[in-house]
Amino acid sequence: MIFVSTGGVSKQPAWKTSEELLNSGIKNIELSAGLYDGDQLQKLKSQKKKINFQLHNYFPPPPKPFVLNLASQDNEIIKKSMDHLEKALHYSAELECSNYSFHAGFLFDPCITSLGKKIRKIKLFDRIEAKKNFIDRVNKISDIALKLGINLQIENNVISLKNYQEFQSNPFLMVTIDECKEIMLQTPSNVSLLVDVAHLKVSSNTLKFSTNNFFNECYEWITSYHLSDNNGKEDTNSEISDQSWFWGFIKKEAVKTLEIYNMPFKKIYEQYILTKNINSKL
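In what follows, the accompanying structure is described.

Conventions used here
Residues numbered from 1 in each chain as written. Predicted model: local features only at pLDDT ≥ 70, side-chain atom pairs only at ≥ 80, totals over all residues. Heavy atoms only, no water. Helix = DSSP H or I, 4+ residues; strand = E, 2+ residues; numbered from the N terminus. Buried < 20%, exposed > 50% of the residue type's maximum accessible area, 1.4 Å probe, protein only. Areas by Shrake-Rupley, 256 points an atom, 1.4 Å probe, with all protein chains shown as cover. Lys, Arg positive; Asp, Glu negative; His and termini not counted. Charge placed at Lys NZ, Arg CZ, Asp CG, Glu CD. Arc of directions from axis to C-beta. Contact = heavy atoms within 4.5 Å. Pairing = 2+ DSSP bridges. Axes fitted to C-alpha atoms, helices over the stretch in contact; angles between N-to-C directions. Polar contact = N/O pair within 3.5 Å; in protein donor to acceptor, adjacent residues only side chain to side chain. Salt bridge = Lys/Arg side-chain N within 4 Å of Asp/Glu carboxyl O.

### Digging into the overall build of the chain
- For the chain, the count of helices and strands is nine helices and eight strands.
- When the 282 residues of the chain are sorted by exposure, 54% land in the buried category.
- Accessible surface, the chain as shown: approximately 13,000 Å² in total, 50% of it carbon and sulfur.
- Positive and negative charge centroids in the chain, built from 35 and 32 side chains respectively, lie 3 Å apart.

The following block contains the structure:
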């Protein structure tokens with residue numbers, strides 16, 4: 001199934017973006033970010049007859065923004081992150097979604113305004129401890145998801161060259177092949193891997209590893225993709241084409257979500273049709 005993300009529209013609630021996407025001809029919508037709306041669930045439930053939803057990461061957005069981080073060492077952020085994920089799963093159940101995806105953790109707690117930009121170097125958590133904390137918390141959330149009949153996908157992180165040079169190391173979890181495999185091997189069967197191909201393109205250029213090897217070695221855990229493109233230096237959520245580099249690695253049966261930002265809905269619909277046509281030929 002092919003979805004389109006609401007993540008590129010930050011200045012209105014996701015239900016409003018969903019309405020506009022539906023009017024553009026798109027019925028499969030991934031809810032991601034957008035403005036807080038206390039009545040959002042009821043509005044989305046009223047759209048459910050016409051739209052097939054799935055939820056991603058920072059949805060539903062809380063009244064006071066924070067950065068979701070299951071690898072945190074800050075008790076307040078840990079509680080907020082766990083509470084958010086549990087709420088997202090209950091939203092997913094209410095909206096009859098079978099999947100919910102979220103980002104891998106960080107070795108520090110970034111401020112919300114730094115996401116997607118160069119991050120100034122700060123002291124990092126111990127990687128082994130952060131990884132253990134992340135896995136333990138994922139496993140707790142997976143128990144809740146299992147009871148609700150929902151599958152979880154963890155999205156690979158992205159490391160740009162400018163952030164690698166700033167930290168002189170990789171401050172994110174699940175960027176590399178080995179770490180994605182390691183975490184997948186320590187999580188339950190209802191937890192799988194969402195591969196953001198744009199993240200992978202940038203990270204592989206920064207850390208000099210093979211995208212072919214990533215897809216091949218992580219193949220058994222991949223159940224969904226986020227699709228967009230970039231110049232290989234930073235994640236820009238740019239449009240894709242029938243010549244985009246990743247098509248030869250994509251599983252036909254896996255869920256795919258377009259994360260194309262800063263583009264008119266008419267153009268996004270064209271990207272949606274392009275993806276459907278290519279997927280039918282995989």
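### Concerning helix α1 (residues 14-23)
- Among the residues making up α1, those that are buried are A14, W15, T17, S18 and L21. Summarising the axial view, the buried residues of α1 lie within an arc of 155°, below the 170-degree limit, and thus occupy one face.
- Looking at the buried positions of α1, the neighbouring elements they touch are β1 (2-5), β2 (28-31), α2 (40-47), β3 (52-56) and α9 (265-281).
- G25 sits one or two residues past α1 and shows a positive phi near 105°.

### Regarding the sheet that holds strand β5 (residues 151-155)
- Taking strand neighbours around the barrel as the criterion, the eight strands line up as β1-β2-β3-β4-β5-β6-β7-β8 in a closed arrangement whose pairing is parallel. For this sheet, the mean angle separating the axes of adjacent strands, direction not counted, is 30°.
- Sheet strands in contact with α9 are β1, β2, β7 (222-227) and β8 (255-258), and its direction is about 155° off that of β1.

### Considerations on the side chain of N279
- Note on placement: N279 falls in helix α9.
- Assessed through its relative accessible area of 11%, N279 is described here as buried.
- Those residues in contact with N279 that sit more than four places away from it in its chain are I2, K251, K252 and K256.

### Observations regarding helix α6 (residues 177-185)
- Residues I177, E179, C180, I183 and M184 constitute the buried set of α6.
- Those residues of α6 that are buried are in contact with α4 (127-148), β5, β6 (191-196) and α8 (211-217).
- Two to three positions downstream of the cap, the backbone nitrogen of E179 sits 3.3 Å from a side-chain oxygen, assigning the N-cap of α6 to T176.

### Things to note about the pattern of salt bridges
- For the coordinates displayed, the defined rule picks out 14 salt bridges.
- Note that D37 is salt-bridged to K43, the shortest N-O span being 2.9 Å.
- According to the relative accessible area criterion, D37 is buried, its value standing at 14%.
- On the basis of relative accessible area, K43 is assigned to the partly exposed category, the value being 26%.
- Between K267 and E270 there is a salt bridge, with the nearest N and O atoms lying 3.8 Å from each other. Placement of the pair is K267 and E270 together in helix α9, with a separation of three residues, close to one helical turn.
- Each member of the salt-bridge network shares a partner with another, and the members are R127, K131, E179 and E182.

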